[in-house]
Amino acid sequence: LNAWGRFTKEYNCWDLNPNDPLYAEIQRVFLKTQKEMFGQDTHIYGGDPFNEVDPPMWDAQDLESAAKKTYESIAESDPDAVWLQMAWLFWHKKKNWTNDLVKAYLSPVPKGKLLMLDRELVGIDEEAENAHILEASKKLWKSLNHKEY
């Protein structure tokens, strides 16, 4: 995936494409280790594969596959898993996330197994995009108020 922010290559971190077989393997080992260390107190797992980074391709089939593999890699570790993801990705690159791509990305996750976190109710006026999100998931709204000094 592309670099994040405007950092130079030397200081940038890189994200692994969920369609890469290594993604599921790392997820499996990480979640197994996490359970061993901390137990199983929750069934909610945060993961934002395309938060402020571009997917490898702006293609419905590729995005659907990436979401499916992300959810499956979590559910393999915990059949009761709920995937928590920020809704910001849809508005950060709004011109690229067409309604068809949003729908393709959300559709492979079983109903009730996706929780979208909308930090500031971004995109509230975009009825069609919100309809896809609400149809595929539960939506949690959280306002983060802060004062600049």
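For the structure itself, look to the data block above.
Peer 1: What should I look at first to understand the pattern of salt bridges in this one?
Peer 2: Two side chains bearing opposite charge may form a pair once their charged atoms approach each other closely. Here the structure, examined in full by the defined rule, presents four salt bridges. Across the pair Lys32 and Glu36 runs a salt bridge whose closest N-O atoms are separated by 2.9 Å. With Lys32 and Glu36 both in helix H1 (residues 21-38) and four residues apart, the pair spans about one turn of that helix. Taking the relative accessible area as the measure of exposure, Glu36 reaches 56% and is therefore exposed.

Peer 1: Which parts of the structure should I look at to understand helix H2 (residues 60-75)?
Peer 2: Since one α-helical turn is 3.6 residues long, residues separated by three or four positions face the same way. The terminal C-alpha atoms of H2, which comprises 16 residues, lie 22 Å apart, in line with the 22 Å expected from a rise of 1.5 Å per residue. All buried positions along H2 are accounted for by Asp62, Leu63, Ala66, Ala67, Thr70, Tyr71, Ser73, Ile74 and Ala75. Looking at the packing, one finds that the buried side of H2 touches H1, strand E1 (44-46), strand E2 (82-86) and helix H4 (99-106). Its side-chain oxygen 3.2 Å from the backbone nitrogen of Gln61, Asp59 forms the N-cap of H2.

Peer 1: So what exactly am I meant to see when it comes to the side chain of Thr70 here?
Peer 2: Relative to the helices and strands, Thr70 is located in helix H2. For Thr70, a relative accessible area of 1% puts it in the buried group.

Peer 1: I'm lost on a nonpolar patch on the surface in this one. Help?
Peer 2: On the surface, a cluster of nonpolar side chains totalling about 250 Å² of accessible area is made up of Leu16, Leu22 and Ile26. With respect to the helices and strands, the residue Leu22 is situated in helix H1.

What counts as what
- Residues numbered from 1 in each chain as written.
- Predicted model: local features only at pLDDT ≥ 70, side-chain atom pairs only at ≥ 80, totals over all residues.
- Heavy atoms only, no water.
- Salt bridge = Lys/Arg side-chain N within 4 Å of Asp/Glu carboxyl O.
- Helix = DSSP H or I, 4+ residues; strand = E, 2+ residues; numbered from the N terminus.
- Buried < 20%, exposed > 50% of the residue type's maximum accessible area, 1.4 Å probe, protein only.
- Expected span 1.5 Å × (residues − 1).
- Contact = heavy atoms within 4.5 Å.
- Polar contact = N/O pair within 3.5 Å; in protein donor to acceptor, adjacent residues only side chain to side chain.
- Patch = residues over 30% accessible without salt bridge, like charges linked within 9 Å, V, L, I, M, F, W, Y side chains within 5 Å.
- Areas by Shrake-Rupley, 256 points an atom, 1.4 Å probe, with all protein chains shown as cover.

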